[in-house]
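Now for the letters of each chain:
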Amino acid sequence: MALRACGLIIFRRRLIPKVDNTAIEFLLLQASDGIHHWTPPKGHVEPGENELETALRETQEEAGLKASQLTIIEGFRRELNYVARKKPKTVIYWLAEVKDYNVEIRLSHEHQAYRWLGLDEACQLAQFEEMKAALQEGHQFLYSTVA
């Protein structure tokens, strides 16, 4: 059976909207171990939790962001399936916007750095194709739902 994890693709919008791809910035965290990969906050589902509760808990643990500081974007849910440490893994992501553009990020011991990045830069740092695709789909979803 695949390991299950859940997380949030967190983003912010520039205060002065632009017409280019840099109006939306994604939050990526750099892992402290292994290959020091960059991903949004995520983690394993604990007994008694539903998937969204896991994503919110992990986001608070790993980035210091509380549920009250975020707006979950309705209609976007992306499931990634891959092999990690020789075991199948499924990660479910939702999109979440920070309510305060200048919100403070407080990293846990699991991460050594964070960056807010436009889509192209975020995709360059996200080494895994499935993660790049999730970022691109999230970006496209956000631009397709802007009134």
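Keep in mind that this is a model prediction, so the values were computed, not measured. (Residues numbered from 1 in each chain as written. Predicted model: local features only at pLDDT ≥ 70, side-chain atom pairs only at ≥ 80, totals over all residues. Heavy atoms only, no water.)

## Description of helix H3 (residues 129-144)
- Relative to the 22 Å expected for 16 residues at 1.5 Å per residue, H3 spans 22 Å between its end C-alpha atoms, a close match to the ideal helical length.
- Within H3, the full set of buried residues consists of Met-131, Ala-134, Leu-135, Gly-138, His-139, Phe-141 and Leu-142. When H3 is viewed along its axis, its buried side chains cluster within an angular range of 160° and face the same direction. Opposite the buried face of H3, by more than 90 degrees, sit the exposed residues Glu-129, Gln-140 and Ser-144.
- Taken together, the buried residues of H3 touch strand S1 (3-13), strand S2 (24-31), strand S5 (70-84), strand S6 (87-98) and helix H2 (119-125). (Helix = DSSP H or I, 4+ residues; strand = E, 2+ residues; numbered from the N terminus. Expected span 1.5 Å × (residues − 1). Buried < 20%, exposed > 50% of the residue type's maximum accessible area, 1.4 Å probe, protein only. Arc of directions from axis to C-beta. Contact = heavy atoms within 4.5 Å.)

## Some details on the packing of aromatic side chains
- Overall, the coordinates contain one aromatic pair when judged by the stated rule.
- Considering the side-chain rings of Phe-76 and Phe-141, the 5.6 Å spacing of their centres and the 55° angle between planes classify their relative orientation as tilted. In this pair, Phe-76 is assigned in strand S5 and Phe-141 in helix H3, connecting sequence segments 65 residues apart. (Phe/Tyr/Trp six-rings, centres within 6.5 Å; stacked < 30°, edge-to-face > 60°.)

## Details of the environment of Pro-41
- Along the chain, the position of Pro-41 falls in the loop between strand S3 (38-39) and strand S4 (42-44).
- Of the residues examined, Pro-41 reaches a relative accessible area of 0% and is grouped as buried.
- As a C-alpha pair, Pro-41 and Gly-7 span 34 residues in sequence and 5.5 Å in three-dimensional space.

## Description of the confidence of the model for the protein
- For the protein, the mean per-residue pLDDT works out to 90, and 93% of the residues sit at or above 70.
- Across the protein, helix H1 (residues 51-63) holds the top mean pLDDT of 97, while S5 sits lowest at 92. (pLDDT = per-residue confidence, 0-100.)

## So, the side chain of Ser-108
- Residue position: Ser-108 is located in the loop between S6 and strand S7 (111-117).
- Owing to a relative accessible area of 19%, Ser-108 belongs among the buried residues under this scheme.
- With residues near it in sequence (within four places) discarded, Ser-108 still touches Glu-61 and Glu-62.

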